[in-house]
Amino acid sequence: AAEFQGVWDVRQHYSRTLREGVTDFDVLGEESPKGKFPSQMEIRFRRHQSGAIQQVWSDSSGEIVRSKGITILDHTERAVTYRAWSDHPTWETRLALKPDGTAVLQVRSLKHQETFILRRSNEKKPQEQP
C-alpha cells in the first residue's frame, strides 16, 4: 500500500544483540548517537513485469538504481513484514505505521535487531515535484 512507501526522516535508531528464541521485539536496545545512522530512508516497492515484488531505491533524479526481490511474510492495514530473497532465511524486516503518522522499521535476525523510528519527510523526491 502507498502508506508504507515514501521518503522518511530517521528520528532515532536503536540496535541490540538478540539471544536465540527472543520474542520481546518492543525492547529497542541502545540508542545510536546522531550521525551514526542515515538521516533519511527511502522505502519503495514495485511489482516487476515477472510478477515478483521488489523493494527499489532511486537516485536523486528518480531513476531506479537498485532493487531486491522480496517475499511478503505478513501484511495488515498497519504493518508489513517481508524478507529480501538475498537475505538469510532467519532475517525479516517489519514496517509498522503508528496512528500519529510515525513508523517503526525493524530489521531482525537471530542475533541482531535494528530499529528505526521514522517520520514522513516533507521533502519530495524529484519525480514527485510538479
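Residues numbered from 1 in each chain as written. Predicted model: local features only at pLDDT ≥ 70, side-chain atom pairs only at ≥ 80, totals over all residues. Heavy atoms only, no water.

Enquirer: Even after reading the chapter, I still don't get the pairing of strand 1 (residues 6–17), so can you show me in this structure?
Expert: The side chains of a regular strand alternate between both faces of the sheet. Across four bridges, the pairing between strand 1 and strand 3 (residues 40–47) is antiparallel. Each bridged residue has a counterpart across the sheet, and for glycine 6 the counterpart in strand 3 is isoleucine 43. The pairing of strand 1 with strand 2 (residues 30–31) spans two bridges and is antiparallel. Counted as the bridge partner of serine 15 is glutamate 30 from strand 2. (Pairing = 2+ DSSP bridges. Helix = DSSP H or I, 4+ residues; strand = E, 2+ residues; numbered from the N terminus.)

Enquirer: Can you help me understand the packing of aromatic side chains in this one?
Expert: The description of an aromatic ring pair rests on the distance of the ring centres and on the angle between the ring planes. With the rule as written, the count across this model stands at one aromatic pair. Seen from their ring centres, phenylalanine 45 and tyrosine 82 are 5.4 Å apart, and the 85° between their planes marks the pair as edge-to-face. Linking phenylalanine 45 in strand 3 with tyrosine 82 in strand 6 (residues 79–84), this pair joins segments that are 37 residues apart in sequence. When its relative accessible area of 19% is taken as the criterion, phenylalanine 45 is described as buried. A residue is classified by how much of its surface remains accessible, and tyrosine 82, at 4% relative accessible area, is buried. Here the basic side chain of arginine 66 rests over the ring of tryptophan 57, its NZ or CZ set 4.0 Å away from the ring centre. (Phe/Tyr/Trp six-rings, centres within 6.5 Å; stacked < 30°, edge-to-face > 60°. Buried < 20%, exposed > 50% of the residue type's maximum accessible area, 1.4 Å probe, protein only. Lys NZ or Arg CZ within 6 Å of the ring centre and 35° of its normal.)

Enquirer: Would you take a moment to explain the confidence of the model for the protein for this structure?
Expert: Interpretation of the predicted coordinates at a detailed level should be avoided for regions scoring low in pLDDT. Averaged over all residues, the pLDDT of the protein equals 86, while 93% of them reach at least 70. Highest mean pLDDT in the protein belongs to strand 7 (residues 92–97) (95); lowest belongs to strand 2 (86). In the predicted structure, residues 125–130 sits below a pLDDT of 50 and forms 12 contacts with residues beyond four places in sequence or in another chain. (pLDDT = per-residue confidence, 0-100. Contact = heavy atoms within 4.5 Å.)

Enquirer: Just checking my understanding: could you explain the layout of surface pockets for this structure?
Expert: With a probe scaled to a water molecule rolled over the atoms, the places where space remains empty come into view. Here the largest pocket is characterised by a volume of approximately 280 Å³. Lining the largest pocket are 15 residues, and of these Gln55, Trp57, Tyr82, Thr93 and Val107 sit closest to its centre. Elements with a minimum of two residues in the lining of the largest pocket: strand 3, strand 4 (53–58), strand 5 (64–75), strand 6 and strand 8 (102–108). At three residues, strand 3 tops the list of elements feeding residues into the lining of the largest pocket. For the lining of the largest pocket, the per-class residue count stands at nine nonpolar, two polar and four charged. (1 Å grid on protein atoms, 1.4 Å probe; cavity = no way out; pocket = protein on both sides within 12 Å on 5 of 7 lines; lining within 4 Å. Points joined across faces, edges and corners; volume = space filled by probe spheres on them. Nonpolar A, V, L, I, M, F, W, Y, C, P; charged D, E, K, R; others polar.)

Enquirer: I'm lost on the nonpolar core in this one. Help?
Expert: Note on soluble globular proteins: their nonpolar side chains tend to be buried together. Ranked by internal contacts, the top residues of the largest apolar core, which has 17 residues, are Ile43, Leu95, Leu105 and Leu118. When residues of this core are traced back to their parent elements, those giving at least two are strand 1, strand 3, strand 6, strand 7, strand 8 and strand 9 (112–120). Setting aside its immediate chain neighbours within four residues, leucine 95 contacts Phe4, Ile43, Arg78, Ala79, Val80, Ala103, Val104, Leu105 and Leu118. (Core = buried A, V, L, I, M, F, W, Y, C linked by side-chain atoms within 4.5 Å.)

Enquirer: Hey, could you run me through the environment of arginine 11 in this one?
Expert: Positionally, arginine 11 belongs in strand 1. Along the primary structure arginine 11 and threonine 102 are separated by 91 residues, whereas in three dimensions their C-alpha atoms are 9.6 Å apart. In this view, arginine 11 contacts Lys34, Phe37, Ile117 and Arg119; residues no more than four positions away in its chain are not counted.

Enquirer: Mind showing me how you'd approach the side chain of glutamine 113 here?
Expert: Checked against the element boundaries, glutamine 113 lands in strand 9. Residue classification places glutamine 113 among the buried positions, given a relative accessible area of 0%. One polar contact links glutamine 113 to threonine 115, side chain to side chain, over a distance of 3.4 Å. With sequence-adjacent residues up to four places away left out, glutamine 113 is seen in contact with Tyr14, Ser15, Arg16, Leu18, Phe25, Val27, Leu28, Gln106, Val107 and Arg108. (Polar contact = N/O pair within 3.5 Å; in protein donor to acceptor, adjacent residues only side chain to side chain.)

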